[in-house]
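Spelled out, the chains give:
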Amino acid sequence: MPRRVRCQEHGYVSRPTYEYVGRPSRLGNPFAIGMKVAGRRGLLTCEEAVMLFAWRVWEHPSLLADIRAQRGKDIGCFCGLRQRCHGDVILELANAAVS
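What this report covers is the structure whose coordinates are included nearby. Per-chain numbering applies: the sequence of each chain, read as written, is numbered from 1 onward. Restriction of local features to residues with pLDDT of at least 70 applies here, the model being predicted, together with a cutoff of 80 or more for giving and counting side-chain atom pairs; totals for whole chains, interfaces and linings are based on all residues. By convention in this description, side-chain values take in all heavy atoms of the structure and omit both hydrogens and water.

Let us look at the overall build of the chain. Think of it this way: any DSSP run of H or I at least four residues long counts as a helix, any run of E at least two long counts as a strand, and we number them from the N terminus. Counting its regular elements, the chain contains three helices and three strands. For the chain, the N- to C-terminal ordering of α and β elements is β-β-α-α-β-α. We call two residues in contact whenever any of their non-hydrogen atoms come within 4.5 Å of each other. Within the chain, counting contacts between residues at least 6 apart in sequence, those at least 24 apart form 63% of the total. For the chain, the computed accessible surface area is about 6400 Å², with 57% contributed by carbon and sulfur atoms. What sets the accessible areas is the Shrake-Rupley method with a 1.4 Å probe; for residues, cover comes only from the shown protein chains.

For the rest of this paragraph, the subject is the pattern of salt bridges. Whenever Lys or Arg places a side-chain nitrogen within 4 Å of a carboxyl oxygen from Asp or Glu, that contact is recorded as a salt bridge. Scanning the entire structure with this criterion turns up four salt bridges. Taking the shortest distance from any N to any O, the salt bridge between aspartate 74 and arginine 3 comes out at 3.9 Å. Here arginine 3 lies in the segment before β1 (4-6) and aspartate 74 lies in the loop between α2 (61-68) and β3 (75-77), a separation of 71 residues in the sequence. One salt bridge connects aspartate 88 with arginine 4, and the closest N-O pair in it is separated by 3.3 Å. One end of the pair, aspartate 88, is in helix α3 (residues 86-94); the other, arginine 4, is in strand β1, with 84 residues separating them in the sequence.

Let's shift gears to the packing of helix α1 (residues 46-59) against α2. For helices, the fitted line uses only the C-alpha atoms of the stretch in contact; every axis is such a line through C-alpha atoms, and the angle between N-to-C directions lies from 0 to 180 degrees. In contact at an axis separation of 5 Å, α1 and α2 are set at 105 degrees when each is read in the N-to-C sense. The angle between α1 and α2 falls in the class roughly perpendicular. Residue-level contacts link Phe53, Arg56, Val57, Trp58 and Glu59 of α1 to Pro61, Leu63, Leu64 and Ile67 of α2. Asp, Glu, Lys and Arg are counted as charged, while Ala, Val, Leu, Ile, Met, Phe, Trp, Tyr, Cys and Pro are counted as nonpolar; the rest, among them Gly, fall into the polar class. Residue composition of the contact of α1 with α2, grouped by class: seven nonpolar, no polar and two charged. By definition in this entry, angles of less than 35 degrees are roughly parallel, angles greater than 145 are roughly antiparallel, angles of 65 to 115 are roughly perpendicular, and the rest are oblique.

Take it as geometry only, folks, not as evidence of what the structure does.
Here you go:
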């Protein structure tokens, strides 16, 4: 079962054991926790950053195609494993049943 792993080393590259999906990769989330977003009061929470990434995927079909290419692969980022991150969205979409 594909899973999200936490990158421990420095450098933003994929390894044989996982595909890197953090910033600045093509699949990195442009919405960061604590970011100020136009038209919104306050700073983004973790949940909001993940939600905005999910919306972004549906607005960019080429991004969805890149995500689907990750089917069956582990993915890596620097987010803690106990909190939800955009990597979880990538895993869900990449490994969803295709109709």
